[in-house]
Amino acid sequence: QIPEIVFTPSNVGVNQAGLGEVIGKIIEHLPELYQYLLPNQIIVVGGSTQFPGFNERLAIDIQKFSPILPPKAENEMEDDNEDEDTQLHLNIPKNPEILAWQGASYFMTQPQSKNYRLHQKEYKKSS
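The structure displayed is predicted, hence computed values, not measured ones.

Brief notes about the packing of aromatic side chains
- Using the criterion set out here, one finds two aromatic pairs in the structure.
- A centroid spacing of 5.2 Å and a plane angle of 50 degrees characterise the contact between Phe7 and Phe54, whose relative ring orientation is tilted. Residue Phe7 is located in helix H1 (residues 4–7), and its partner Phe54 is located in helix H4 (residues 54–65); the two are separated by 47 residues in the primary sequence.
- Note on Phe54: relative accessible area 3%, which makes it buried.

And the structure:
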């Protein structure tokens, strides 16, 4: 069962867009060149992505809300004859539940990460 709250938060009284709509709006507000590139660059991470049907539902919702992707029915998710530049491709890693942590961990080992660090004293002072 898909965690429906991620896709339609209004079901539980939260007045905000669902995940697919947010991604569609992001695509819509990009410069036109990037609107055609982004649909092939989406990486799906997090533990919730392992629910059966999550990625398929996300793809349907992104296509529904994206200005350049034609909406498709659930049974039409396979590639067809449309221009590949405007095809949605969700990149799904082997371990989506830990990929964000791995990326952040790697970033923190890089020299430029010192510009983005907040030490415990600074955090406690600001809170």
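Thoughts on the pattern of salt bridges
- Taken as a whole and assessed by the stated rule, the structure comprises three salt bridges.
- A salt bridge links Glu4 to Arg57; the shortest N-O distance between them is 2.8 Å. Pair noted here: Glu4 is in helix H1 and Arg57 is in helix H4, with a separation of 53 residues, a long-range link.
- Ionic pairing is found between Asp61 and Arg57, a salt bridge with its closest N-O pair at 3.2 Å. Of this pair, Asp61 and Arg57 both sit in helix H4, separated by four residues, roughly a single helical turn.

Quick notes on the nonpolar core
- Counting 13 residues, the largest nonpolar core has Ile23, Ile42, Val44, Leu58, Ile62, Leu88 and Leu90 as the members making the most contacts within it.
- Taken together, the elements giving at least two residues each to this core come down to helix H2 (19–29) and H4.
- Among the elements that make up this core, the one with the highest residue count is H4 (four residues).
- Residues within four places of Leu58 in sequence aside, it is in contact with Phe7, Leu19, Gly20, Ile23, Val44 and Leu90.

Observations concerning the confidence of the model for the chain
- Overall, the prediction assigns the chain a mean pLDDT of 83, with 84% of residues at 70 or greater.
- Confidence drops under pLDDT 50 across residues 73–82; counting only partners more than four residues distant or on other chains, this segment forms eleven contacts.

The rules behind the values
Residues numbered from 1 in each chain as written. Predicted model: local features only at pLDDT ≥ 70, side-chain atom pairs only at ≥ 80, totals over all residues. Heavy atoms only, no water. Phe/Tyr/Trp six-rings, centres within 6.5 Å; stacked < 30°, edge-to-face > 60°. Helix = DSSP H or I, 4+ residues; strand = E, 2+ residues; numbered from the N terminus. Buried < 20%, exposed > 50% of the residue type's maximum accessible area, 1.4 Å probe, protein only. Salt bridge = Lys/Arg side-chain N within 4 Å of Asp/Glu carboxyl O. Core = buried A, V, L, I, M, F, W, Y, C linked by side-chain atoms within 4.5 Å. Contact = heavy atoms within 4.5 Å. pLDDT = per-residue confidence, 0-100.

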